[in-house]
Amino acid sequence: MGPLVVAVAGLKGGIAKTTTCIHLAGVLADAGQKVLLADGDRIRTSTSWARSGLLPFTVAPVSSLARARDYDVVILDTEGGPDNTELLEFARTADLTLLPTTPDINGLDGAVQTAEILRTGGVTTDKFVCLLTMIRPKGMKEILARKALQDQGITVMTSAVRLSEAFRDAANSAVLVRDLKTDIAQKCWKDYEAVTTELIHRLSQGPEASA
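About the criteria used
- Residues numbered from 1 in each chain as written.
- Predicted model: local features only at pLDDT ≥ 70, side-chain atom pairs only at ≥ 80, totals over all residues.
- Heavy atoms only, no water.
- Phe/Tyr/Trp six-rings, centres within 6.5 Å; stacked < 30°, edge-to-face > 60°.
- Helix = DSSP H or I, 4+ residues; strand = E, 2+ residues; numbered from the N terminus.
- Buried < 20%, exposed > 50% of the residue type's maximum accessible area, 1.4 Å probe, protein only.
- Lys NZ or Arg CZ within 6 Å of the ring centre and 35° of its normal.
- Salt bridge = Lys/Arg side-chain N within 4 Å of Asp/Glu carboxyl O.
- Contact = heavy atoms within 4.5 Å.

Trainee: I'm lost on the packing of aromatic side chains in this one. Help?
Mentor: Within a pair of aromatic rings, the relevant descriptors are the distance that separates the centres and the angle that separates the planes. Applying the stated criterion to the full structure yields one aromatic pair. When the centroid spacing of 5.7 Å and the interplanar angle of 85 degrees are considered together, the rings of Phe167 and Tyr192 count as edge-to-face. Of this pair, Phe167 sits in helix α6 (residues 165–173) while Tyr192 sits in helix α7 (residues 183–205), placing them 25 residues apart in sequence. When sorted by exposure, Phe167 lands in the same class as Tyr192, which is buried. Here the basic side chain of Lys34 rests over the ring of Tyr71, its NZ or CZ set 5.1 Å away from the ring centre.

Trainee: Sorry, what's going on with the environment of Thr85 here?
Mentor: For Thr85, the position within the fold is in helix α3 (residues 84–93). Its relative accessible area of 60% is what places Thr85 among the exposed residues. With 32 residues separating them along the chain, Thr85 and Ile117 place their C-alpha atoms 9.6 Å apart.

Trainee: So what exactly am I meant to see when it comes to the pattern of salt bridges here?
Mentor: Close approach of charged atoms lets side chains of opposite charge pair. Inspection of the entire model under this criterion finds 13 salt bridges. Glu79 serves as the salt-bridge partner of Arg42, at 3.3 Å between the closest nitrogen and oxygen. Of the two residues, Arg42 sits in the loop between β2 (35–39) and α2 (45–49) while Glu79 sits in the loop between β4 (73–77) and α3, which places them 37 residues apart along the sequence. With relative accessibility at 61%, the residue Arg42 sits in the exposed group. Among the salt bridges present, the one from Asp179 reaches Arg178, with a minimum N-O distance of 2.8 Å. When its relative accessible area of 30% is taken as the criterion, Asp179 is described as partly exposed. Put simply, Lys17, Asp41 and Asp77 are held in one network by salt bridges that share partners.

Trainee: Sorry, what's going on with the side chain of His23 here?
Mentor: Here His23 is to be found in helix α1 (residues 17–30). Judged by relative accessible area, which is 0%, His23 ranks as buried. Excluding residues within four positions of it along the chain, His23 makes contact with Trp49, Phe167, Leu176, Val177, Trp189 and Tyr192.

Below, the structure written as structure tokens:
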């Protein structure tokens, strides 16, 4: 049996795609999983984040997928704005494709476009899900963004990730946000713990989790 594969994709930049990859991998590694983060983004942001050697998982180029069976989980950090062929290839390979999106019009438009490409390419709706990022918890923008996506028939995760400079500080320090010993950084880490728990639950439940 091969590893669990999660692709993280989006047509727009600035949606916390790499931040999500890094922290999904971090939470899973903390849970005892052997994790490979395959960096397919042309600017190699995940690779840069790993430069300190302090991350508890492996970050390597997409060519490392040849060794995927050596891992429990593979996270695919896809290229920002991938062409349709590449996007569909990743989505068809993955057990689930996660579409991060900010709650603004540009982010939501990109998520809707991405979902439409997946649907048209034959990827069923239970195989992808949106994650709201860079939100103000329980703010009106989150509520409206969630409704806008759901009105388009797109499944949205209950968990969401807050807007915080702690993520930028973690990237600059090449560590996970949990390694910054501030209250807000710990809240950010808990956001990704909740996202990862929900993600695993969805995968274990199969199609009914997206109903």
